[in-house]
Amino acid sequence: MRFVSFGPRGNERPGVLVNDSSILPLSRVMADIGIAPNGTIRNLLPFLDRAGEGVAAAVDRGDEVIPVAQTRLGPPITDPPNLFNCGANYLSHLVEIGAEATPTLPVVFQKPSSALAGPTDTIVRPLECVSLDYEAELVVVIGKAGRRIPAERAAEHIAGFMITNDVSARDLGEGESRKLNAPALFQLMRTKGWDTFQPTGPWLVTLDEARSYEDIRIQTWVNGELRQDAYAKEMLHSPYKIIEWLSATTTLQPGDIITTGTPGGVAAGMTSPKWLVPGDTVRIEMTGLGRMNTPVLDEQGARAGGGGGSDG
């Protein structure tokens, strides 16, 4: 199944893609299987088998569908309990940024949920930022709660996969860390945590449909120019290892979002970086997971225009 959240920002409704162009709203399906009809996709994740049966019944009885072209797609998971990001997980990316060693442990940090955006929503460049960068990443969404999950059992806890862009303000992280010679003063939140800096989508593809992650091809274009092209099997730490590492610290919950790092090809790794600027469009595609097309706008333009993406 391919789950979506659709409608105006902040008021998205849960749905499922029943073909490549139509959305079946899930309110009745959720009510039929005993879930609050005003819930979100997150509420469905522990009950995917029953949800599949409910969707099949809804299709058979001819429930009304909505054309994808007539609405806005929001982030598939609109209300994650946690938004975990993994960094430094592809050798190609470590090489391009000049890392002197390869980490042997996953590197995980968190973002605020306010960073979430939909697959066609605008990426807003903050007033303070000049060096705006993209990072295509495969996302794992947790479907079953757990603590201290061994890697060999991690797949049992995955609901599915989706696409994200871990947008980064490269010039805002340094803060006073260099001036005071104190790496602990690096401003990670100022680099990663701005509103719109985590577009996701276009849908959450359940594990039974997505199957193995290894052969997922990750590609990024900026204004039609191919910038990133890699396979998820190139990760240093698999999604299962990341889940094992992260769940040793905290109990993972249904709806938790876990990104898995970006491959080489980001602007920061170029001799003459091609930073994102207003007017650019970032397109990210992954095998079996769809495509995101996100325009870039500066903050002043976003305020004047009310942000990006249709509210339909």
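Calculation criteria
Residues numbered from 1 in each chain as written. Predicted model: local features only at pLDDT ≥ 70, side-chain atom pairs only at ≥ 80, totals over all residues. Heavy atoms only, no water. Salt bridge = Lys/Arg side-chain N within 4 Å of Asp/Glu carboxyl O. Helix = DSSP H or I, 4+ residues; strand = E, 2+ residues; numbered from the N terminus. Core = buried A, V, L, I, M, F, W, Y, C linked by side-chain atoms within 4.5 Å. Buried < 20%, exposed > 50% of the residue type's maximum accessible area, 1.4 Å probe, protein only. Contact = heavy atoms within 4.5 Å. Pairing = 2+ DSSP bridges. Axes fitted to C-alpha atoms, helices over the stretch in contact; angles between N-to-C directions. Expected span 1.5 Å × (residues − 1). Arc of directions from axis to C-beta.

Enquirer: Explain the pattern of salt bridges here, please?
Expert: A side chain with one charge may pair with a side chain of the opposite charge, provided their charged atoms come close. Tallied over the full model, the rule gives 23 salt bridges. Here Asp 166 ties to Lys 111 by a salt bridge, and the two come within 2.7 Å at their closest N and O atoms. Within this pair, whereas Asp 166 is found in the loop between strand E11 (158-165) and strand E12 (168-169), its partner Lys 111 is found in the loop between strand E6 (107-110) and strand E7 (116-117), the two being separated by 55 residues in sequence. One continuous salt-bridge network, built from bridges that share partners, spans Lys 111, Asp 133, Glu 135, Asp 166, Arg 170 and Lys 192.

Enquirer: I'm lost on the nonpolar core in this one. Help?
Expert: Generally speaking, nonpolar side chains in soluble globular proteins are found buried as a group. Counting residues in hydrophobic clusters, the biggest one holds 51 residues, and the most contacted among them are Leu 138, Ile 243, Ile 258 and Leu 289. Per-element tally for this core: the top contributor is strand E10 (residues 136-142), with 4 residues. Look past the residues within four positions of Ile 258 in its chain and what remains in contact with it is Phe 84, Leu 138, Val 139, Val 140, Ile 142, Ile 242, Ile 243, Leu 246 and Leu 252.

Enquirer: When you look at the sheet that holds strand E15 (residues 225-231) in this model, what are you seeing that I'm missing?
Expert: Paired through backbone hydrogen bonds, the strands of a sheet run either parallel or antiparallel to each other. Strand order in the open sheet formed by 5 strands is E8-E18-E17-E14-E15, with mixed pairing between adjacent strands. Bordering the open sheet on either side are strand E8 (123-125) and E15, each of which pairs with just one other strand. Neighbour-to-neighbour, the strand axes of the sheet open up by a mean angle of 20°, direction not taken into account. As judged from the 5 bridges shared by strand E14 (residues 217-222) and strand E17 (residues 281-286), these two strands associate in the antiparallel manner.

Enquirer: It is not clear to me how the pairing of E11 should be interpreted in this structure. Could you clarify?
Expert: For a regular strand, the rule is simple: side chains alternate between the two faces of the sheet. Burial analysis of E11 places 8 of its 8 residues in the buried class, which makes it a mostly covered element. Relative to E11, E10 runs antiparallel, the two sharing 7 bridges. Looking at E11, one finds that Val 139 is bridged to Met 162. Relative to strand E13 (residues 198-206), E11 runs antiparallel, the two sharing 4 bridges. Counterpart to Gly 160 in the pairing with E13 is Thr 206.

Enquirer: How should helix H3 (residues 48-60) be read in this particular structure?
Expert: Three- or four-residue spacings in an α-helix give side chains the same orientation, since the helix completes a turn every 3.6 residues. An ideal rise of 1.5 Å per residue puts 18 Å on 13 residues; H3 measures up with 18 Å between its terminal C-alpha atoms. Of the positions making up H3, those classed as buried are Leu 48, Ala 51, Gly 54, Val 55 and Ala 58. Within H3, the buried residues cover an arc of 115° as seen down the axis, which keeps them to one side. Exposed residues lying more than 90 degrees from the buried face of H3 are Asp 49, Glu 53 and Asp 60.

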